[in-house]
Amino acid sequence: MTKEQKEIITRLREEGQGYTTIARAAGLTKDCVKIWCQRHGLGGVAVKKAVPEEDHAVCRNCGKPLVQIPGRKPRKFCCDACRVSWWNSHPEAVTRKAVYSFLCPICGNEFTAYGNAGRKYCSRSCYIKARFEEERA
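Think of each chain on its own: its residues are numbered from 1, step by step along the sequence as written. pLDDT decides what is reported in this predicted model: residues at 70 or higher carry local features, side-chain atom pairs at 80 or more are listed and counted, and totals for whole chains, interfaces and linings draw on all residues regardless. Values reported for side chains reflect all heavy atoms of the structure, with hydrogen atoms and water molecules removed beforehand.

Draft legend 1. Representation of the overall build of the protein chain in the model. Broken down by element type, the protein chain carries 5 helices and 2 strands. Helix and strand labels come from DSSP, where a helix needs a run of H or I of at least four residues and a strand needs a run of E of at least two; each type is numbered from the N terminus. Listed N to C, the secondary structure of the protein chain is α-α-α-α-β-β-α in terms of helices and strands. Buried, partly exposed and exposed residues are distinguished by accessible area as a fraction of the type maximum, computed with a 1.4 Å probe on protein chains only: under 20%, between the cut-offs, and over 50%, respectively. Counting all 137 residues of the protein chain, 20% fall into the buried class. Sequence-distant contacts in the protein chain: of pairs separated by 6 or more residues, those separated by 24 or more amount to 20%. What sets the accessible areas is the Shrake-Rupley method with a 1.4 Å probe; for residues, cover comes only from the shown protein chains. Summing over all exposed atoms, the protein chain offers an accessible surface of approximately 10,100 Å²; the carbon and sulfur share of this is 50%. The contact criterion used is simple: two residues touch if any of their non-hydrogen atoms lie within 4.5 Å.

Next comes the structure, spelled out in C-alpha cells:
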C-alpha cells in the first residue's frame, strides 16, 4: 500500500465514507481497506472525526471550545463545575414537570410544590400549628 493510498483512506474515512467506496477510490480491496482502518483507529461504522457543532461549539458558562463526539449526546459544558454554575444561575431554563397543587388544611391557602406529591402544608408554621394543636387536644 502506497503513502497516497493511505492518505486517501484516512481522508475518506474521516469524511464518513464506507469501506467499499474507499476501496474503489484507492484501487484496493474492501478487506484491505477494512483491516488498515481497524489497525489505525478508523474502524467501526463510518467513523467521523470529532468536529465542533455550531449550536454547542463553546461552553455555555465559560466560553471554552467544545469537541463533540459523533454518536454521543452533544456537550453543552466543558466540565461539571461549569454545568452546575450555569444551571444555578439560570433557574428559569429548567423544565419543571412535577409541579403539584395543594390546599393547606390549616390556613386554606392554595400552594404548589415541586417534586413532592405528598406535601400537606404550605409552610413550616402551618405544620407546627397542626402538630401542636393535635398534641393539646
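Draft legend 2. View of the pairing of strand β1 (residues 99–103). With 5 bridges connecting them, β1 and strand β2 (residues 110–114) associate as antiparallel partners. Bridged to Y100 within β2 is A113. Two strands are said to pair when DSSP picks up at least two bridges between them.

Draft legend 3. A look at the pattern of salt bridges. In what follows, salt bridge is the name for a side-chain nitrogen of Lys or Arg lying within 4 Å of a carboxyl oxygen of Asp or Glu. On inspection of all chains with the given rule, the structure shows 2 salt bridges. A salt bridge links E15 to R11; the shortest N-O distance between them is 3.9 Å. Residue classification places R11 among the partly exposed residues on the basis of a relative accessible area of 45%. Here R83 ties to D80 by a salt bridge, and the two come within 3.5 Å at their closest N and O atoms. Of this pair, R83 and D80 both sit in helix α4 (residues 80–89), 3 residues apart, which is roughly one turn of the helix. Residue R83 is classed as partly exposed on the basis of its relative accessible area, which comes to 37%.

Draft legend 4. Geometry of the nonpolar core. Counting residues in hydrophobic clusters, the biggest one holds 10 residues: I9, L12, Y19, I22, A23, A26, V33, W36, C37 and L42. Elements supplying a minimum of two residues to this core: α1 (3–14), α2 (19–26) and α3 (30–39). Sorting elements by how many residues they give to this core places α2 first, with 4 residues. Once residues lying within four places of it in the same chain are set aside, the contact partners of C37 are I9, R13, Y19, L42 and G43. One finds F102, C104, F111 and Y121 within the second-largest nonpolar core, a separate group that totals 7 residues. For this analysis, a nonpolar core means a set of buried residues of the types Ala, Val, Leu, Ile, Met, Phe, Trp, Tyr and Cys, connected via side-chain atoms within 4.5 Å.

Draft legend 5. Just α1, in detail. Between the first and last residue of a helix there are one fewer steps than residues, each counted as 1.5 Å, and that sum is the expected span. The terminal C-alpha atoms of α1, which comprises 12 residues, lie 17 Å apart, in line with the 16 Å expected from a rise of 1.5 Å per residue. Buried residues of α1: Q5, I9, L12 and R13, and no others. For α1, the angular spread of the buried residues around the axis is 100°, confining them to a single face. Structural note: α1 exposes K3 and E4 on the side pointing more than 90 degrees away from its buried face. Residues of α1 that are buried sit in contact with α2 and α3. A positive backbone phi angle near 100° is found at G16, which sits one or two residues after α1. Our arc is simply the arc of the directions from the helix axis toward the C-beta atoms.

Draft legend 6. Highlighting the packing of α1 against α3. Lines fitted to C-alpha atoms define the axes here, with helix axes fitted over just the stretch in contact, and angles between the N-to-C directions of these axes take values from 0 to 180 degrees. The N-to-C vectors of α1 and α3 enclose an angle of 75°; their axes lie 11 Å apart at closest approach. Overall, the two elements α1 and α3 adopt an arrangement that is roughly perpendicular. Of α3, the residues touching α1 (which contributes K6, I9, T10 and R13) are V33, W36 and C37. Residues are grouped as follows: Ala, Val, Leu, Ile, Met, Phe, Trp, Tyr, Cys and Pro are nonpolar; Asp, Glu, Lys and Arg are charged; all remaining types, including Gly, are polar. A breakdown of the residues in the contact of α1 with α3 according to their chemical character gives 4 nonpolar, 1 polar and 2 charged. In what follows, roughly perpendicular refers to angles from 65 to 115 degrees, roughly parallel to angles under 35, roughly antiparallel to angles over 145, and oblique to any angle outside these ranges.

Draft legend 7. Expanded view of the pairing of β2. Side chains of β2 alternate between two faces, with F111 and A113 buried and E110, T112 and Y114 left unburied. Between β1 and β2, which pair antiparallel one after the other, the connecting turn spans 6 residues, and G108 there sits at a positive phi close to 85°.

Draft legend 8. Molecular detail of a nonpolar patch on the surface. Taken together, the side chains of W87, V94, V99 and Y114 define a hydrophobic patch exposed on the protein surface, amounting to about 340 Å² of accessible area. Positionally, Y114 belongs in strand β2. Patch membership requires more than 30% relative accessible area and the absence of a salt bridge. Residues of like charge join within 9 Å; the nonpolar side chains Val, Leu, Ile, Met, Phe, Trp and Tyr join within 5 Å.

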